[in-house]
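# Examining the three-dimensional arrangement
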Amino acid sequence: MPRILLAESTHSAIQDCRGCKSGMKIVLMRMNRALVSLACGLLLVGAALAETRKVLVLPADFHVTTLGAGSTVTPNPEWTALAQENLTRATAELVRNRADWKLVELPELEPADRDALNEHIDLYRVVVAAVVDLTNNQNGYWRRNLEHTEFVLGSGLGFLADITGAEQALLLAGFQMRSTDGRKVLSALANVGSFLSRSVIGFQVIGRPVFELGDAHTTLAVIELRTGKISWLTQREVLTEDPRVPEEAVEAAHELFAPYPRKSLLEVRR
Amino acid sequence: MKRAGMVAVLAALLAPALVLADSPNWKPVGELPIALAKGKFVIKLPDHWMYQAGPMELESSLHGSTLDRILVIFQPRSRASTTTDTESFAQDLLNPHEQRDDRKYRLESLLPAVVAGREGYRAEYTSVSVSGTASVEYRHVVYGVKGPKGNYSLSYAAPAIHYYRTSLPLFEAAVKTLVLR
């Protein structure tokens, strides 16, 4: 297609030049034509050289719970399923949006392979928790010692590379704890009480932490499937979006992915 | 669900934070062996690992306690197991390690072994750590030996996937450096 366009454009340029009486203009036009040809050639070569990488999107490992008025935490399987579906789609969109990546979706797996994948995702949670803890640790020795560590998931996901042809995978994981309406009412009352106590008796009686309205933590990682190496990792300690809503799940995924390939949690520590 | 529910969600991501965040005593392992329990035992831990020492025990890790951990526990004679039955002895020495992890170990093998030049044993165990919907299988090796002033147990624990195999040789090398006094 570019070649056809080039031929048409150069042809019309030559037609235009037939009417030109200035020799200089003809020279310039020929130089211009040569440069355009060269640029197009380079673009074609560049496009051929820049291989698109296949990237597998793993199912989002995201859990939604409710936080009740009495600080009771209850897993919500329906919300979790909805959020997982939306976030998996949103992660796929991240891959689709990159010109150098080609989306590979997870095929139907044999039960044994499905178990192996789940085991590695469970290990991912433990590994990421360790990374987050050590990088945030107040003990400076731990942070300095991180240069001797290598956080990986092992080679057990290599079968996914064999099946799909993808060398890398993208995994979004985390949780969101959402307050019930009862807790929101209590929190509002606590705030009013706090305000009144400060106004009337001069100090706060009820502490806000008693009625925290929820919590969340999300991570997004690029995983090398054959080695299990986590080559890029990012996190968000707040989640203002509601991943049960498809558009908001997309926003949340985009927010996580925005710094890629910079600012990996694994690089900041060095 | 109450607090258990909270743990079910948060522990999957934040449990190690609970282990390490309040641990200002962790230090890098130096070049010299570490003497503990008033000099009752000396051990050389793997290079680049971190460690923290209590009065009767020593804990060491590289990636954080949930990914690799060496634990040495000394039980003075007054509190040490006196049983002559190997399995009972092994279980007595294992108890404090199990309590640490708050989960049951499953014995895979129990064989005689020489520890610090004395007759002891070497046991292999597996366990499963469950946090909410996540469950991770761990593998453990525990050495036990009766010393002149009490009993010693040295354990190594890591997830079965990748981490166990990676650091096991380092633990075995550390066990060989153990000296009892």
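Predicted model only: the values in this text are computed from it and were never measured.

## Brief notes about the environment of A:Thr72
Looking at where A:Thr72 falls in the secondary structure, it is placed in the loop between β2 (61-67) and β3 (73-75). Linking A:Thr72 and A:Thr180, residues 108 residues apart in sequence, is a C-alpha distance of 10.0 Å.

## Digging into the interface of chain A and chain B
Chain A puts 35 residues into the contact, and the matching count from chain B is 37 residues. In total, chain A and chain B occlude about 3100 Å² of area from one another, counting both sides; carbon and sulfur atoms represent 70% of this. Looking at the side of chain A facing chain B, the largest losses of area belong to A:Val73, A:Arg125 and A:Trp142, adding up to 19% of the total buried there. Inspection of the region where chain A meets chain B yields zero salt bridges. In this structure, the connection of chain A to chain B is made through six residue pairs in polar contact (both at pLDDT 80 or more). Considering every element that reaches the side of chain A that touches chain B, the biggest residue donor is helix α4 (residues 111-136) of chain A, with 12 residues.

## Quick word on the sheet that holds strand β8 (residues 118-131) of chain B
Here we have eight strands laid out as an open sheet, ordered β1-β4-β5-β6-β10-β9-β8-β7 (chain B), and antiparallel in their pairing. Looking at the sheet topology across the chains shown, the edges are occupied by β1 (27-28) and β7 (106-115) of chain B. Where strand β4 (residues 50-53) of chain B and strand β5 (residues 57-61) of chain B come together, four bridges link them in antiparallel fashion. If you follow B:Met50 over to β5(B), its bridge partner there is B:Ser61. Contacts between α4(A) and the sheet are confined to β8, β9 (134-146) and β10 (150-159) of chain B, with β9(B) contributing the most and set at about 65° to the helix.

## Things to note about the sheet that holds strand β2 (residues 34-36) of chain B
Residue and element names in this part refer to chain B. An order of β2-β3-β11 is seen for the three strands of this open sheet, with the pairing classed as antiparallel. What marks the edges here is a single partner per strand, and that holds for β2 and β11 (179-180). Inspection of the sheet shows β2 paired to strand β3 (residues 41-43) by three bridges, in the antiparallel sense. In the strand pairing of β3, Leu-36 is matched with Phe-41.

## Examining the environment of A:Asn136
All names here are of chain A. Here Asn-136 shows up in helix α4. Take Asn-136: its relative accessible area is 39%, and that puts it in the partly exposed class. The sequence separation of Asn-136 and Thr-65 amounts to 71 residues, and the corresponding C-alpha distance is 25 Å.

## Considerations on the pairing of strand β1 (residues 53-57) of chain A
Residue and element names in this part refer to chain A. Direction of pairing for β1 relative to strand β4 (residues 101-105): parallel, over a ladder of five bridges. Each bridged residue has a counterpart across the sheet, and for Arg-53 the counterpart in β4 is Trp-101. The pairing of β1 with strand β5 (residues 168-179) spans three bridges and is parallel. Each bridged residue has a counterpart across the sheet, and for Val-57 the counterpart in β5 is Leu-170.

## Remarks on the nonpolar core
Among the nonpolar cores identified, the biggest contains 71 residues, and A:Tyr124, A:Phe151 and B:Phe41 are the most heavily contacted of them. Looking at this core element by element, the count peaks at 12 residues for α4(A). When residues no more than four places from it in sequence are discounted, the contact partners of A:Tyr124 are A:Leu153, A:Leu171, A:Ala173, A:Thr219, A:Leu220, A:Ala221, A:Ile223, A:Ile230 and A:Leu233. With 25 residues, the next largest nonpolar core counts A:Ala60, A:Leu87, A:Ala90 and A:Ala216 among its residues.

Reading the values: rules and limits
- Residues numbered from 1 in each chain as written.
- Chains lettered and ligands numbered in written order.
- Predicted model: local features only at pLDDT ≥ 70, side-chain atom pairs only at ≥ 80, totals over all residues.
- Heavy atoms only, no water.
- Helix = DSSP H or I, 4+ residues; strand = E, 2+ residues; numbered from the N terminus.
- Contact = heavy atoms within 4.5 Å.
- Buried area = accessible area lost by both parts, 1.4 Å probe.
- Salt bridge = Lys/Arg side-chain N within 4 Å of Asp/Glu carboxyl O.
- Polar contact = N/O pair within 3.5 Å; in protein donor to acceptor, adjacent residues only side chain to side chain.
- Pairing = 2+ DSSP bridges.
- Axes fitted to C-alpha atoms, helices over the stretch in contact; angles between N-to-C directions.
- Buried < 20%, exposed > 50% of the residue type's maximum accessible area, 1.4 Å probe, protein only.
- Core = buried A, V, L, I, M, F, W, Y, C linked by side-chain atoms within 4.5 Å.

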